[in-house]
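# Survey of secondary and tertiary structure
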Amino acid sequence: MIKLTLRFSGNLVDKYQLDKDLIVIGRNTTCDVVLDNLGVSREHAQIERKAGVYILHDLGSNNGTFANGKKIDAYNLNTGDEFSIGKFSFEVDLGLGAKPQTQKRAAPPAALAQPGASPDLTLAVDAREMEMMQRERASKLKAYITYLAPSGKKQNQPVVKTITFFGKAVSCDFNVGGFFIYPKHAALVRDNNGFRLINLAPRRITKLNEKEMDDERLQHGDKFRIGRAIFEFYVGVPPSKSVGSEGKAEE
């Protein structure tokens, strides 16, 4: 049995006692330990038990998994170890003898519920700290999106926010029409390594370069599609005059 103490930015969130050979940690609601945060991949890491040894594996996550401060692909856990995923940290205790507790879903502060979507689809972002991280790198992390405006002309929209939302909700930065479009369908997240596109829709119908995607790093010239709306991502400053603070990409 492994005991895990979960903390978010140093604050206690939950404690787990798990007696399984495979424990999956991630943003997906099917994971054994659910971390509802944009900095966490849907299936971020797993702990595998082999012959009494617990091995922590990173599952190819975008932001990486760290054990005792070092980025790892695989690591043998011991009592007293600490591993971290984004701003979440886990303290490890391999003590035996206690009954497993019923798992509680981690609910970190600043949860941003998505209107009109499944109650399980909740985002949690420490936006204030993310904004602070961007200040020093703002001059290097410039990007813009090219899209087809309702007028039929292509427009360039600079990416200036930490999180830019695409969807049907009027609060989205880019409004996308269509029957199968969710209020908040996708998010473009700016972090200290660049830009990530994250699909937020329960049905995975966001496509990057015509392939269904979940959580991907964007490269200069990438094209992504939400419904019938097509967006092009470019690093740098728009070559021409940009539009206002909110884009429109109706069908």
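Refer to the structure above for everything that follows.
These numbers come from a predicted model, not from an experiment.

What counts and how
Residues numbered from 1 in each chain as written. Predicted model: local features only at pLDDT ≥ 70, side-chain atom pairs only at ≥ 80, totals over all residues. Heavy atoms only, no water. Helix = DSSP H or I, 4+ residues; strand = E, 2+ residues; numbered from the N terminus. Buried < 20%, exposed > 50% of the residue type's maximum accessible area, 1.4 Å probe, protein only. Contact = heavy atoms within 4.5 Å. Areas by Shrake-Rupley, 256 points an atom, 1.4 Å probe, with all protein chains shown as cover. Patch = residues over 30% accessible without salt bridge, like charges linked within 9 Å, V, L, I, M, F, W, Y side chains within 5 Å. Salt bridge = Lys/Arg side-chain N within 4 Å of Asp/Glu carboxyl O. Lys, Arg positive; Asp, Glu negative; His and termini not counted. Polar contact = N/O pair within 3.5 Å; in protein donor to acceptor, adjacent residues only side chain to side chain. Core = buried A, V, L, I, M, F, W, Y, C linked by side-chain atoms within 4.5 Å. Pairing = 2+ DSSP bridges.

Within the protein chain, the secondary structure is distributed over one helix and 25 strands. A total of 251 residues make up the protein chain; the buried ones form 48% of that total. For the protein chain, the share of sequence-separated contacts (at least 6 apart) that also reach a separation of at least 24 residues comes to 46%. For the protein chain, the accessible surface area stands at approximately 12800 Å², while carbon and sulfur atoms represent 50% of it.

A cluster of nonpolar side chains, namely Phe 179, Phe 180 and Ile 205, defines an oily patch on the protein surface of about 360 Å² accessible area. We classify Phe 180 as exposed; its relative accessible area is 52%.

Checked against the element boundaries, Asp 81 lands in the loop between strand 9 (74-76) and strand 10 (82-85). It turns out Asp 81 is buried and unbridged, and the closest side chain with the opposite charge, Lys 70, is 11 Å from it. A distance of 3.3 Å separates a polar atom in the side chain of Asp 81 from a polar atom in the side chain of Tyr 75. Residues in contact with Asp 81, not counting those within four places in the same chain, are Asn 68, Tyr 75, Asn 76, Phe 90, Glu 91 and Val 92.

Glancing now at the nonpolar core. Counting residues in hydrophobic clusters, the biggest one holds 23 residues, and the most contacted among them are Ile 2, Leu 4, Leu 35, Ile 47, Phe 83 and Phe 90. Mapped onto this core, the elements with two or more residues apiece are strand 1 (2-8), strand 2 (11-18), strand 3 (22-26), strand 5 (45-50), strand 6 (53-58), strand 10 and strand 11 (88-93). When residues in this core are grouped by element, the largest group, four residues, is from strand 1. In contact with Leu 4, other than residues within four places in its own chain, are Asp 14, Lys 15, Tyr 16, Leu 18, Ile 47, Phe 83, Phe 90, Glu 91 and Val 92. Counting 22 residues, the second largest nonpolar core, distinct from the first, contains Val 159, Val 176, Phe 224 and Ala 229.

Turning next to the environment of Phe 195. Looking at the element boundaries, Phe 195 is found in strand 19 (residues 194-199). Taking the C-alpha atoms as reference, Phe 195 lies 5.8 Å from Leu 218; in sequence the two are 23 residues apart. Ignoring sequence-local partners within four residues, the contact set of Phe 195 consists of Leu 141, Ala 143, Val 159, Leu 188, Val 189, Arg 190, Glu 216, Arg 217, Leu 218 and Phe 233.

This part is about the pattern of salt bridges. Under the criterion given, the structure shown has ten salt bridges. Residue Asp 173 is joined to Lys 161 by a salt bridge in which the shortest nitrogen-to-oxygen separation is 2.6 Å. A residue pair is termed long-range when its members are at least 10 positions apart, and Asp 173 in the loop between strand 16 (163-167) and strand 17 (174-176) and Lys 161 in the loop between strand 15 (154-158) and strand 16 qualify at twelve residues. Judged by its relative accessible area of 41%, Lys 161 falls in the partly exposed class. Asp 215 is the salt-bridge partner of Arg 196, the closest N and O atoms lying 2.5 Å from each other. In this pair, Arg 196 sits in strand 19 while Asp 215 sits in strand 22 (residues 215-217), placing the two residues 19 residues apart along the sequence. The class for Arg 196 is buried, based on a relative accessible area of 2%. Residues joined in a network through salt bridges with shared partners are Asp 19, Asp 21 and Arg 49.

Let us now look at unusual backbone geometry. A positive phi is found at Asn 209, a non-glycine position, where the angle reads about 50°. For Asn 209, a relative accessible area of 41% corresponds to the partly exposed category. In this model, Glu 210 sits at a positive phi of 70°, which is unusual for a non-glycine residue.

Read across the sheet, five strands follow the order 4-3-5-6-9 without closing on themselves; strand pairing throughout is mixed. Pairing within the sheet leaves two strands with one partner each, and these edge strands are strand 4 (33-34) and strand 9. Summarising the sheet, strand 3 and strand 5 pair through four bridges and their orientation is antiparallel. Within the sheet, the bridge partner assigned to Ile 23 lies in strand 5 and is Ile 47.

Following the sequence through the fold, Ala 229 ends up in strand 24 (residues 229-235). You can call Ala 229 buried: its relative accessible area is 10%. Placed 80 residues apart in sequence, Ala 229 and Ala 149 show a C-alpha to C-alpha distance of 9.6 Å.

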